[in-house]
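# Reading the structure
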Amino acid sequence: MRVFAVLFAAVLMVAGPALAQDEGASRRMALAERYVQLSVGDHLADVLEAQVRDELLKTDNLPAAERAWMAENMPGILMRAMEGLMADVVPLYAERFTEPELEALVAFFEGPMGQSIAVKQMEVGIEMQELMTPVLSAFLIELMTKYCAEFACDPNGLPTASKSRTR
């Protein structure tokens, strides 16, 4: 009986911290899920729909029927993709943030100021993507032009081999 008690105590000593870590990880995961939902979830569909509508109004290279189809279908398809992305982001928050940090984020975003900021963050994020598109395009063009001057590329400017042209 004493051997059993010693073994049980040893198991508790080893498993105790692991169980506490699992509980802590589980709590952080739940808080991260709540934070993502508060900071993105409820407002995302409205912001995406408004963004799609605004972009389609600016577009004159699509016939009216195609624009209407896009306005009807794009937000739902994009929303489903974003829901998958949000699910993938939750573990990142759970790993990076401590429990007190996640609790603070949740508390902030549960309030009216947090909800207002959540919407504005999404809007700014969309506008930032629009600003980044030409920057990234210019970056890739310059990078690949210089790369293709040094290494072998096909006529489309894509790498074909890892042999240097100058060596």
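Going by the structure above, here's the rest.
Calculation criteria
- Residues numbered from 1 in each chain as written.
- Predicted model: local features only at pLDDT ≥ 70, side-chain atom pairs only at ≥ 80, totals over all residues.
- Heavy atoms only, no water.
- Salt bridge = Lys/Arg side-chain N within 4 Å of Asp/Glu carboxyl O.
- Helix = DSSP H or I, 4+ residues; strand = E, 2+ residues; numbered from the N terminus.
- Buried < 20%, exposed > 50% of the residue type's maximum accessible area, 1.4 Å probe, protein only.
- Disulfide = S-S within 2.5 Å.
- Phe/Tyr/Trp six-rings, centres within 6.5 Å; stacked < 30°, edge-to-face > 60°.

On to the pattern of salt bridges, then. Tallying each qualifying case throughout the model produces four salt bridges. Among the salt bridges present, the one from Glu-99 reaches Arg-27, with a minimum N-O distance of 3.3 Å. Here Glu-99, found in helix H3 (residues 99–110), pairs with Arg-27, found in helix H1 (residues 2–58); they are 72 residues apart in sequence, far enough to count as distant. Linking Glu-103 and Arg-27 is a salt bridge whose minimum nitrogen-to-oxygen distance equals 3.2 Å. One end of the pair, Glu-103, is in helix H3; the other, Arg-27, is in helix H1, with 76 residues separating them in the sequence. Exposure remark for Arg-27: the relative accessible area of 37% places this residue in the partly exposed category. What emerges from the salt-bridge pattern is a single network uniting Arg-27, Glu-99 and Glu-103.

Here the structure, examined in full by the defined rule, presents one disulfide. Covalently, Cys-148 is tied to Cys-153 through a disulfide, its sulfur atoms 2.0 Å apart. A torsion of -90 degrees about the S-S bond marks the disulfide between Cys-148 and Cys-153 as left-handed. With respect to burial, Cys-148 and Cys-153 carry one shared label: buried.

Moving on to the packing of aromatic side chains. Taken as a whole, this structure holds five aromatic pairs when the rule is applied. When the ring of Tyr-35 is compared with that of Tyr-93, the centres are 4.9 Å apart and the planes differ by 65 degrees; the resulting orientation is edge-to-face. Highlighted residues: Tyr-35 in helix H1 and Tyr-93 in helix H2 (residues 64–96), separated in sequence by 58 residues. Using a relative accessible area of 24% as the deciding quantity, one classes Tyr-93 as partly exposed. Summarising the aromatic geometry, the rings of Phe-108 and Phe-109 are spaced 5.1 Å apart at their centres and angled 90 degrees between planes, so their arrangement reads as edge-to-face. Look at Phe-108 and you get partly exposed, because its relative accessible area is 36%. Relative accessible area serves as the criterion here: at 4%, Phe-109 is assigned to the buried category. In this structure an aromatic cluster arises from ring pairing among Tyr-35, Tyr-93, Phe-97, Phe-108 and Phe-109.

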